[in-house]
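Single-letter residue listing:
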Amino acid sequence: MTQSLPAAVSHAAFRLLRSHEIESLQLRVDQYEHLATGATHYHLAAESSENVFLVALRTVPTDSTGVAHILEHTALCGSERYPVRDPFFMMLRRSLNTFMNAFTSSDWTAYPFASQNRKDFANLLDVYLDAVFFSRLDPLDFAQEGHRVEFAEPGNPDSELVFKGVVFNEMKGARSSVPSTLWQTLCEHLFPTNTYHYDSGGDPEHIPDLSYAQLKAFYQSHYHPSNAIFMTFGDIPAHEHQAVFQERALARFQRLSQRIDVPLEQRYSAPRRIERPYALDDSGDTARKTHIVVGWLLGESADLQQLLEAQLLSSVLLDNSASPLMQALETTTLGQAPSPLCGLEDSQREMVFSCGIEGSEAASADALEALVLGVIESVATEGVPPAQLEAVLHQLELHQREISGDGYPYGLQLILQALSPATHHADPVAVLDLDPVIATLQENIRDPEYIRNLARRRLLDNPHRVTLIMTPDTELSARRLAREAERLAALKSGMSEADKQATLELAQKLEQRQQQVGDLSILPKVTLADVPASLPEPEYREHRQNGLTLTTYTQGTNGLVYQQLVSPLPALDATATGLLPLYTRILTEVGLGSEDYLAVQHRQAATVGSIGASAALRGAIDDEQQVQGCFTLSSKALARNSEAQIALMQDSLQRLRFDESGRIRELVAQARARREQSVTGNGHGLAMTAASAGMSPLAQINHLHSGLEGIRSLKALDDKLGSDSQLQDLVGRLRDIHSAVTAMQPQLLAIADEHAIDAVSRQALSAWGASIHPDTSKALFTAAPVREARRELWIANTQVNFCARAYPTVPVGHPDAAALTVLGGFMRNGFLHRSIREQGGAYGGGASQDSGIAAFRFYSYRDPRLLDTLADFDRAIAWVLETRHEDSALEEAILGVIGSLDKPASPAGEARQHFYQRMFGRSHEQREAFRRAILDVSLEDLRQVAQRYLDPALASTAVVTSRKQYESLGSAVAELGLQVEVL
C-alpha cells in the first residue's frame, strides 16, 4: 500500500533526514529538519483525507504554579495576526474540524487539530501557528485563564476577596479526583528532583504564586521552533505543510543553542514509604477507604528495548484477571479492588510501574507490600507459561494492526504515540513500527530465563521503590479552604486604597474585554458553501441461512475481523432492568463450561483482542416514550483467529458458569470502585442525566444504569453482598436474565477486509446456524412512559460544582429537532461560554439537544458557582428571545452541528454505526433528511423552539456539589425545590 504514496519531497527550508515505511500501519514516516532553527517535522504520509496537525513544545516546569498549563490556555487567547479575543473558541465555530484542542502533559504542551476539508485545514493551521509562536499574552487573558483576585461582591471593596480563574477552578476539580491525587503524589516522591516532582497542571494552593512576568518568561524560553516538534498525518504532502510553516512562522526565527530536556532522576538506595491524606468530603465512615500503591521507577522510555521489556513485564503481571499480580490484587481481602493506578506509565522520560489496592486500611501496607513482592518473586523464580507470553505478544500485534479512530482521529492517536520519544530526543519511528520488535520478543521469550530475569532485574532488585499510603481525611478540604481564606484575608489587610481600586479596575476591564466582539472578519472561516451536499453510505450485504441473518461490511480493517451477535432485548422486570449493566459486565469475566474464569481469561488473551457484552436502548425516532433495546456480544480478532473467535463467542453465551459466586462478588466490588471514582471526571454528564431522568423511559433508565442513581444502587448492592444469601439471590437473578437473553432470535454482524470477509461469512453462518434455537414466543423489552419534572441536589466528594437544567422536547423525527439541535451550539457560542467560563470561571459550560431522550439540557463543568450558573441558564433563554442576532452566528452554530454529524469514525466504527442506525429505524435517508434540515434552520426557527420548549415551568434541575457547598446555600435549596440526595 505504501508504494502508492507520493515520494517524500522537502521544502527548500527543510532537509529530509529519512523515510521509513510501516506496512502494518499502511503509512510512511518521513523525518525532516528545518535548516535555520533545527525544528523537527515528522510527516506520517497516508491515504487519508482526514489530515492531522500537531505542534508540541517541550515544557519543563520547576514548580507547581501550573505555568505550562496556564500558558497553554493563554496562548490561544489572541495573537499577532489574529488580535481578537479568544480566536481558538471562535475558530471552533468557524470550522468543520474533526478534532481541535490543546494539551498540557507533564513535560510537553501540544496543539493538535484535524479536518477532512483542505480549506478548513489551511485556516486552522494559520491560526494555530500564529497562536503558538506569536501569542499576545494579554495580562487580562492571564487573569481570566490563570488566576486573579476579585471582591466577592462586585464593586464592593468592603467585601471579602476571592480567587478566580479558569485553570484555578479546573485544577480544584482535578484535585477532587482521587486517582489524579494518587498519581501526582506518587510522582512527587518517585521523582524528588526533576520536573515530574511538580504538578504541571497546577496545584490550586500554588497557582496564585505565578506572576504574569513568569508566564512571559516561560513562553519566551520554551515556545521557540528550536524546541518544537511538528507532526502531520494524511494525504497533504509534507512540502506543502512546510511551505506554510516557513512563511507563517519559521522564517522569523534563528536556531537557539539551548536544549530543553528532563534530567534523569537521582536513584534511591533503598525503598521508601510515604503516608499522605486525601480529601474525602463526606462525613460518613472512613473505614476501608485507604489507597495503597507500590511504584517503581524503571528505565528510559526512549530506549526501545527498555520500553518494550517494561511493557511485556507489565502485561505479564497485570494484563487481565488471570495475570498473576492482577489476580492477587483482585482476590485479596486486604482491599476492595485493584488500584486505578495499576500498570505502566511510559510517556515520561523514565517509566513508572505501579500497582496496589483501594478500599483498604493503612495497617495493611505491610501485607500488601508482601503480597506484591511475593507474586513478583514467584514470577522471577518460576517464570510464566509460554502460552501466556505468546498471548501477550498476540495482544501487542493486534493493537499494532488495529485502525482505531472512534475517539480521537486515528492519525492523532499515532502522532500522540510517537510524541513521547520525540519529546525526549529519541526515535519515534521505532515505537510505531513494532513488527520487528515483536519478532525479537518472540525469539527472546523462548528462553525460560528471560521473563524471570526481567522480573528480578526491573523490580525485585530495583531499590527506587515507593509505597504510598493515602488515607481519607474528611477535614482536609476544610483546612485547605481555611488556608485560602487566611491568605486572602492577609492579602486584603495589606491592601492600600490604591490596591483596592486597582482590583476593582481589573475586574471592570476584564468584564469589558469579555463583552467585546472585536473584528471577527480577520479570522479565516469556512461557510455553508463548503459543506458537502451529502455523505456516502457504507455498502453492506445481507446473508440468510436457516433462519439466521448475517450482515457483512467489507471495510479496510488491516487484517482484523469484528464480529457481533445481536438479539432483541427480552421483556424484563424493573429489578432485572437495573441489573443489566452488571449482567453484561460479568458475561465475559466468568468461567465457561469446564474452564474457570482464569482459564477463560488466558483463552481470551490468546484468541481475541477484546470480547464484551452490552445492552443498547433507543427511543423511537417519532416517539420518545417508545423504547426498544438489543443485547450485543462483540469481539475483534486477527483474521487468522476468526474460527476460534466464533467458538469463544458461542461458549460465552452457551456455556456460561454461574457457580463462581466469589468471582461475581469481586466484579461487583471492582465496578463500584470504578464508578465511585468517575464523578469528578464526568460530573456534568451525571448532572445532565439526573436532570433529564424524568423526560422519557430511556432517560430514566440511563439514570439508573450509568447515572448517579446507578452509582448509588451499585454501592447498596455491594454492601449487601457480604451476606451469602444476598449473593446467591443476585446470582439467581443474573442467571434468569441470561436465560431470557439467550432465548431471543439473534442476528449476526461481521466486518472485515476483502481478503477475509467471505471466509468469515461462511464460518459464522455455519457455526451459529447449528447452535441457535430461539423461543419466538418471548416478549420484547418495554418500558412505561414517563414525563415528569425533577429537582435534585446530589452531595458527592468534589470541591467544585456541576450544574444542569433540562427541558422536555421532541425526538429526532420531529420537525423541531433540527432547530433545537442548532440552538444548543448557538447558545453556547453566543452566551454560555462567556457567562459560565470566562466570567463565571467554570472550566466549561454549554447546552445541547438530546433527541434520543427528547430533552434540551444546559450544563456547567468544574464550576465554582452554583446559583449564579442556574440563573445564567435562564438568562441564556432570555438572550435568545430578546436579542437581535446576526446570521453569521447562526451559520457558526450550523457548522458546528454539521462538523459533529460528519465526523468520521474508524472503518469498523462506521460500519457498526450504520448497522445499528438501520436496526433502530434511523435509515441513511432519514439521517440525510435531518442533515438537510440542520442546514435549513433559520434564526426565527431558533426563537420559536426556544419559546415553545424552554418554559421555566417545565424545567428540571440537578446539581452535584459538596456537603460544605450545600450547607452554605441555606434556604436557596428549599426555594429552588431541590431534593437532597447523598451519593
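Quick caveat, the model's predicted, so the values are computed rather than measured.

### Quick word on the side chain of Asn801
Okay, so step 1: The topology assignment puts Asn801 in strand β24 (residues 801-808).
Okay, so step 2: A distance of 3.1 Å separates a polar side-chain atom of Asn801 from the backbone oxygen of Arg865.
Okay, so step 3: Within the structure, Asn801 has its side chain in polar contact with the side chain of Thr961 (distance 2.5 Å).

### Details of the sheet that holds β24
Okay, so step 1: The strand order β25-β26-β24-β27-β23-β28 describes an open sheet built from 6 strands, whose pairing is mixed. Both outer strands of the open sheet, β25 (844-850) and β28 (979-982), are each paired with one neighbouring strand and no more. Sheet twist, expressed as the average angle between the axes of neighbouring strands with direction ignored, equals 15°.
Okay, so step 2: Of the strand pairs in this sheet, β25 and strand β26 (residues 855-863) are connected by 7 bridges, and their pairing is antiparallel. Counted as the bridge partner of Ala847 is Phe858 from β26.
Okay, so step 3: Against the sheet, helix α23 (residues 683-691) touches β23 (791-795), β24, β26 and β27 (956-961), its axis set at about 35° to β24.
Okay, so step 4: Where helix α25 (residues 708-720) meets the sheet, it contacts β23, β27 and β28, and its direction lies at approximately 50° from that of β23.

### A short note on the nonpolar core
Okay, so step 1: Counting residues in hydrophobic clusters, the biggest one holds 79 residues, and the most contacted among them are Tyr583, Leu587, Phe631, Leu633, Leu730, Trp768 and Val960.
Okay, so step 2: The contacts of Trp768, once residues within four sequence positions are left out, are Leu548, Leu565, Ile646, Met649, Gln650, Leu653, Gln654 and Leu748.
Okay, so step 3: One finds Phe233, Val316, Ala365 and Ala380 within the second-largest nonpolar core, a separate group that totals 73 residues.

### Considerations on the packing of aromatic side chains
Okay, so step 1: Scanning all chains against the criterion turns up 31 aromatic pairs.
Okay, so step 2: Ring geometry for Phe233 versus Tyr410: centroids 6.3 Å apart, planes at 90°, classification edge-to-face. Residue Phe233 is found in strand β10 (residues 228-234), and its partner Tyr410 is found in helix α13 (residues 410-423); the two are separated by 177 residues along the sequence.
Okay, so step 3: On the basis of relative accessible area, Tyr410 is assigned to the buried category, the value being 12%.
Okay, so step 4: Measuring from ring centre to ring centre gives 5.8 Å for Tyr540 and Tyr553, while their planes differ by 35°; the resulting arrangement is tilted. Highlighted residues: Tyr540 in the loop between α18 (497-515) and β17 (541-545) and Tyr553 in strand β18 (residues 548-554), separated in sequence by 13 residues.
Okay, so step 5: Residue classification places Tyr553 among the buried residues on the basis of a relative accessible area of 0%.

### Things to note about helix α5 (residues 166-175)
Okay, so step 1: Counting buried residues in α5 gives 10 out of 10 residues, a clear majority hidden from the surface.
Okay, so step 2: Along α5, the residues classified as buried are Val166, Val167, Phe168, Asn169, Glu170, Met171, Lys172, Gly173, Ala174 and Arg175.

### Remarks on the sheet that holds strand β20 (residues 610-620)
Okay, so step 1: On the basis of which strands lie adjacent, the open sheet formed by 6 strands has the order β17-β18-β22-β19-β21-β20 and mixed pairing. The sheet terminates laterally at β17 and β20, the two strands that pair on one side only. Within the sheet, the average angular offset between the axes of one strand and its neighbour, ignoring direction, is 25°.
Okay, so step 2: Judged from the 5 bridges that link them, β17 and β18 form a sheet pairing that is antiparallel. Counterpart to His543 in the pairing with β18 is Leu550.

### Description of the pattern of salt bridges
Okay, so step 1: Counted according to the given criterion, the structure contains 65 salt bridges.
Okay, so step 2: With a closest N to O distance of 2.5 Å, Arg85 and Glu838 form a salt bridge. Note that Arg85 is positioned in the loop between α1 (67-75) and α2 (87-93) and Glu838 in helix α28 (residues 817-839), a separation of 753 residues in sequence. Of the two residues examined, Arg85 and Glu838, each falls in the buried class.

### A word on the packing of helix α10 (residues 324-331) against helix α11 (residues 365-382)
Packed helices, taken two at a time, are described by their axes: the angle between them and the distance between them.
Okay, so step 1: In the contact formed by α10 and α11, the axes pass within 9 Å of each other and the chain directions differ by 155°. In this view, α10 runs roughly antiparallel relative to α11, as classed from their interaxial angle. Note that α10 runs across α11; the crossing there is right-handed. For the pair α10 and α11, contact is made by Pro324, Leu325, Ala328 and Leu329 and by Leu368, Leu371, Val372, Val375 and Val379, respectively.
Okay, so step 2: Here the residues of the contact of α10 with α11 are counted per class, giving 9 nonpolar, no polar and no charged.

### So, the packing of helix α9 (residues 304-318) against α10
Okay, so step 1: At a minimum axis separation of 4 Å, α9 and α10 run at an interaxial angle of 40°. Relative to α10, the element α9 is oriented oblique. Facing Val316, Leu317 and Leu318 of α9, the residues of α10 in contact are Pro324, Leu325, Met326 and Leu329.
Okay, so step 2: The class makeup of the residues in the contact of α9 with α10 is 7 nonpolar, no polar and no charged.

### Digging into α13
Okay, so step 1: With 14 residues, α13 should reach 20 Å at 1.5 Å per residue; the first-to-last C-alpha distance of 20 Å fits that figure.
Okay, so step 2: Along its length, α13 shows its largest kink, about 25°, at Gln417, and proline Pro421 lies within four residues downstream of that point.
Okay, so step 3: Across the 14 residues of α13, 11 count as buried, placing the element largely inside the fold.
Okay, so step 4: Listed as buried for α13 are Tyr410, Gly411, Leu412, Leu414, Ile415, Ala418, Leu419, Ser420, Pro421, Ala422 and Thr423.

### A closer look at unusual backbone geometry
Okay, so step 1: Phi is positive for Asp86, which is not a glycine, with a value near 65°.
Okay, so step 2: Summarising the element assignment, Asp86 is placed in the loop between α1 and α2.
Okay, so step 3: A positive phi angle, near 55°, is found at Arg288, a position not held by glycine.
Okay, so step 4: Here Arg288 lies in the loop between β11 (272-279) and β12 (290-300).

Cut-offs applied
Residues numbered from 1 in each chain as written. Predicted model: local features only at pLDDT ≥ 70, side-chain atom pairs only at ≥ 80, totals over all residues. Heavy atoms only, no water. Helix = DSSP H or I, 4+ residues; strand = E, 2+ residues; numbered from the N terminus. Polar contact = N/O pair within 3.5 Å; in protein donor to acceptor, adjacent residues only side chain to side chain. Pairing = 2+ DSSP bridges. Axes fitted to C-alpha atoms, helices over the stretch in contact; angles between N-to-C directions. Contact = heavy atoms within 4.5 Å. Core = buried A, V, L, I, M, F, W, Y, C linked by side-chain atoms within 4.5 Å. Buried < 20%, exposed > 50% of the residue type's maximum accessible area, 1.4 Å probe, protein only. Phe/Tyr/Trp six-rings, centres within 6.5 Å; stacked < 30°, edge-to-face > 60°. Salt bridge = Lys/Arg side-chain N within 4 Å of Asp/Glu carboxyl O. Parallel < 35°, antiparallel > 145°, perpendicular 65-115°, else oblique. Left-handed = near helix turned anticlockwise from the far one by under 90°. Nonpolar A, V, L, I, M, F, W, Y, C, P; charged D, E, K, R; others polar. Expected span 1.5 Å × (residues − 1). Bend = angle between axes of the 7 residues up to and from the residue.

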